[in-house]
Each structure stands twice: as structure tokens, then as C-alpha cells.
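Notes for the structure review
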Amino acid sequence: MSTHHFDVVVIGAGLSGIGTACQITSRHPGKTIAVLERRERVGGTWDLFRYPGIRSDSDMFTFGYKFRPWVDYKVLAPGASIRDYIADTAAEHGIDEKIHYGVKIVAADWSSDEGRWTVTAEREATGETVTYTCTFLVSATGYYNHDAGFLPTFPGSDDFQGQQIHPQHWPEDLDYTGKKVVVIGSGATAVTLVPSMAGTAEHVTMLQRSPSYIFTVPAFDKISAALNRFLPENVVFQLARKRNIALQRAIYVSCRRWPKAMRRFLLSHVRRQVGPAVDMAHFTPNYLPWDERLCAVPDGDLFKALKAGDASVVTDHIDTFTETGIRLKSGQELEADIIVTATGLQVQMLGGLKLTVDGEVHELHDQMTYKAVLVEDVPNLAWIFGYTNAPWTLKSEIAGEYICRLLQHMDDHGYDVATPRDTVGCATGDGILDSLQSGYVQRAKDTLPRQGKQGPWKVEMDYGRDSRVLLEDAIDDGALHFEALRPTLAQVG
């Protein structure tokens, strides 16, 4: 068993992990840092998912890093391009040389006596146990289980004679040319898959229990492309980023403040896209906008596939799978050669590792988050969790900046340990995503951490407010408790 010590260990080499590692290395070049990655390549989500059409569901000016502008005017970028962008960013900042691949994190234990974390990992290729120790630990593992997606139990699923595929485990050699495909689901994955497979497959049917709100975004940013004829690229990037942040926030706030009016607006937008031949019942949710996430489609590609007859939507409940497809509660039969179960993710915190402090287990769902970055009563641990109502990276990036500020504050004052403590009784039973009614959120109520009734424990999901709290407010606010260890302990390792 080998042991390695670093000042900072980041778990995860996806968008959040690489971005955070770049920020820390840039701001604190004297600190040793390691990035631990279970897979054999960088990219996280964007390396794992390989299904047709995989792309961002946020515009790349805000989904990309502020410190390394996205230079393509394609609004929603393909997954492979995003993975390359992450890899190029890592290489540009020297992080690619600090990544330890093929290590699955099993446990992390904080020792108050030693003032350090001990991270236990397994090299999956060999079964060897590897131990890393660090002063500060950052979890950038995302929020879902990479081993398995969510898959309901469908009656008769063993009877189906065709192929059943979950998008999280897409076969690279799958040939669906001329095949009848049924995609079960109505979320972001389903609305991406259907137009991507349509035209190649004989026909693609999107089977949904209930509709989602779907809106069209431009596939190409013509405004920014035009401005780039007169303005420098970095200026165009900054303008586009500010514009898109403001627009996204305005849509979200409007949906919350005037839900019925925004519902009419969103549905009228769909009606113009699909035309009179498509039944609007398939696009009329029974909930208000932003009770669940909105689904974006570039240049209305889903609606174009429906109008062309290459795809269709069926809203019904499954009675049973059959040998040749799916029988619905209404009695309708859907023939299928391939059934794609785009039924969602399984939420998992901290990559599934066992978290202990001085040997005592700490379950994340029993703790509140501090400024939605640190964890109540857990020393020297940052937890990166992006936005659900805006591009993920907006939050992960300012969280990384906050971590840099915190590390600088600790260095300036000779502190070795920082621990959030709720000394005024802010605790509630509310989870951090209780306002969302999405299936994956509801299934994860006993998994997600809690939030408090007021700052710094309340989770706002507001980029403007969070920017002030994380980047401007004083680090030492009374809720974050600091400790200086004896110099001999601080220098161990």
C-alpha cells in the first residue's frame, strides 16, 4: 500500500474538478495538489456519456470557464467538444500532470490530532489500495452514480426480444439504422436522443408519462459572431456571458413570479414550432414552469423531427413490455427493435465514499451546507455543487474562487483548520433542492444535504447573490471557526 501527501486533493477530473484545480494552482502555486479520477480520462460526465447527440443543455459562454473563454459560437456544444475543452484546459494549466487516474475513492477520514485527511482509494485495474493524505479536501464528483442510472422495474421487461439500453451505458457499436426505436422519458436526455436518432432509424417514438416544458434556443450565436467582426474576441465573450447570465436569470425569476403568464408564453412558443398537426397535450405539463428544469432544443430540432414524420410523441403509461415492444395502459402497442430507457440518474453524494471525522461517520444528508460550498461540522472539506436553475459551472467556478480566498485567509492568519459551525440554531429539515419536483430530486430527499433558514446556511441558487457572498463577504463571519495547530503537526508530511 502506497501513501502520498498533498496540500490539496481534488476528487474528480470533470468540469468542476479541473476548473477548481486550475484556480487553486493559479492562486496558490506553492501548494501541492493532486486530482484523483476513477476513469482513465478527464471529462467526467462528458467522457462517460456517449449517446447520440450528447451535448450541453446550457449555452457555452456561461457553461465554460470564465478564466478560459469558450471560443466557438455554437450555443449548445457536443459532448466530445466539451471533453476536449476540459482536457485542453487541464493541459494549459499543468493540471494534466497532477491527475491520478484509475483510482476509486472508498473513504475519507479527518484526524483532528493530525490536522489532515486520509483518503483511501482502490486502483480498480489491480485491486491495490492507495492512500492519499492532505490538509484540504475538495469533492468535485458531481451528484449522480456513475455506475448505474435510474431504471424503474418495467413489467415484462425480460420478455422483450430486442435491445434495451440506458443512455448512461450506450454501446459504441450500436447500429440503429432502419430500426424502430422507443425512447422512454421526456427530460433533457430524451429530447436530445429523439432528433439525433430520427432520420437514421426507421422511426423514433418518445414515450412519456407526462410532458416537460421544452423551449428552443439558437444553435448558433449570430449576435456574437457579428460583434466579433468589430470587437476583440475576449470582449465579445464577456458581453455574451453577461447577456446570457442576465437572460437566464430573468427567465427563471419570471417563471417563479408570474408562473401562469410564463406557462402561456412557453406553450405558445411550442405551438408555433410544432404546427397545428401535433397535439399540444404532449407538450402541456401538469406543473408550473421551473417546478422542474426546462429542456432546451437547438433550433427546434425535436419539433422539426416531429413535423417531418421521423419521430412522434406518445403520452401514456406502460402496461407491460412484450416480445416485440411495449403495450400501453390505453391498449396501444408500440413496436420496437430498440428500447432506450432515458429514465434518469441515481443521485449520489461525494462519489459514494464513506466520510468520517475522527472515526465518526458523517452522512451528508444529516449536515447543512455552508454557503453551499463547505459542510457543517466537517473540517477542511469543500463540496462542489453547481446550479440547477442556471449553468452548473457558474456556481462551481465561484465556489473555486471562494476556496482560494479561504486558503489565502488561513495562510495569512496561520490557521490550519476551518470548520463551519451552526451556533445560532439555523437548522431546518429542508433539503437543498426541495423547490424542484423532478423525479431524481424527489428520489434523493434522503441523500441530499440540508439547508438552513438563513445565511450562510440557506441555499439561494442565485448567481448574483452567491457572487457577493462567496467573492466579497468577509471570510471570517462568525460561523466559520478557525484553529491553528502546533507547528510540528502543521508540518507533518
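Details of the structure are given in the entry above.
Given the structure is predicted, the values throughout are model-derived calculations rather than measurements.

Quick notes on the rules
- Residues numbered from 1 in each chain as written.
- Predicted model: local features only at pLDDT ≥ 70, side-chain atom pairs only at ≥ 80, totals over all residues.
- Heavy atoms only, no water.
- Buried < 20%, exposed > 50% of the residue type's maximum accessible area, 1.4 Å probe, protein only.
- Helix = DSSP H or I, 4+ residues; strand = E, 2+ residues; numbered from the N terminus.
- Pairing = 2+ DSSP bridges.
- Right-handed = clockwise from strand over helix to strand, strands pointing away.
- Expected span 1.5 Å × (residues − 1).
- Axes fitted to C-alpha atoms, helices over the stretch in contact; angles between N-to-C directions.
- Contact = heavy atoms within 4.5 Å.
- Phe/Tyr/Trp six-rings, centres within 6.5 Å; stacked < 30°, edge-to-face > 60°.

Considerations on the pairing of strand β8 (residues 180-184)
With respect to burial, β8 is a largely interior element, four of its five residues being buried. Of the pairings in the sheet, the one linking β8 to strand β9 (residues 203-208) comprises five bridges and is parallel in character. When the sheet's bridge partners are listed, Lys-180 is paired in β9 with His-203. Between β8 and its parallel partner β9, the chain crosses via helix α5 (residues 188-197), and the hand of that crossover is right-handed. Two strands pair when backbone bridges link them, and β8 and strand β16 (residues 338-341) are joined in this way by four bridges, in the parallel orientation. Paired with Ile-184 across the two strands is Thr-341, which belongs to β16.

Concerning helix α1 (residues 15-27)
Here α1 is 13 residues long and its end C-alpha atoms lie 18 Å apart, about the 18 Å a rise of 1.5 Å per residue gives. Here α1 lies mainly inside the structure; ten of its 13 residues are buried. Turning to α1, its buried residues are Leu-15, Ser-16, Gly-17, Ile-18, Gly-19, Thr-20, Ala-21, Cys-22, Gln-23 and Ile-24.

Side note on the sheet that holds β16
If you trace the five strands from one edge of the open sheet to the other, you get β7-β16-β8-β9-β12, paired in parallel fashion. Each of the sheet's edge strands pairs with one partner strand only, and the pair in question is β7 (163-165) and β12 (311-315). Here the average twist between neighbouring strands, direction ignored, is 20°. As defined by bridge partners, β7 adjoins β16 across three bridges and the pair is classed as parallel. Each residue of the ladder has a partner; that of Gln-164, found in β16, is Ile-339. Running at roughly 165° to β9, α5 makes contact with β8, β9, β12 and β16 of the sheet.

Comments concerning the packing of aromatic side chains
In this structure the tally under the stated criterion is 23 aromatic pairs. Ring geometry for Tyr-73 and Phe-220: centres 6.2 Å apart, planes at 70°, overall edge-to-face. Of this pair, Tyr-73 sits in the loop between α3 (60-63) and α4 (79-92) while Phe-220 sits in the loop between β10 (214-217) and α6 (222-227), and the two are 147 residues apart along the sequence. Of the residues examined, Tyr-73 reaches a relative accessible area of 13% and is grouped as buried. Judged by relative accessible area, which is 42%, Phe-220 ranks as partly exposed.

Some points on the environment of Trp-170
Among the secondary structure elements, Trp-170 is positioned in the loop between β7 and β8. Using a relative accessible area of 10% as the deciding quantity, one classes Trp-170 as buried. As for Trp-170 and Phe-49, which are separated by 121 residues in sequence, their C-alpha atoms are 7.4 Å apart. In this view, Trp-170 contacts Arg-50, Tyr-51, Pro-52, Ile-165, Leu-193, Met-197 and Val-340; residues no more than four positions away in its chain are not counted.

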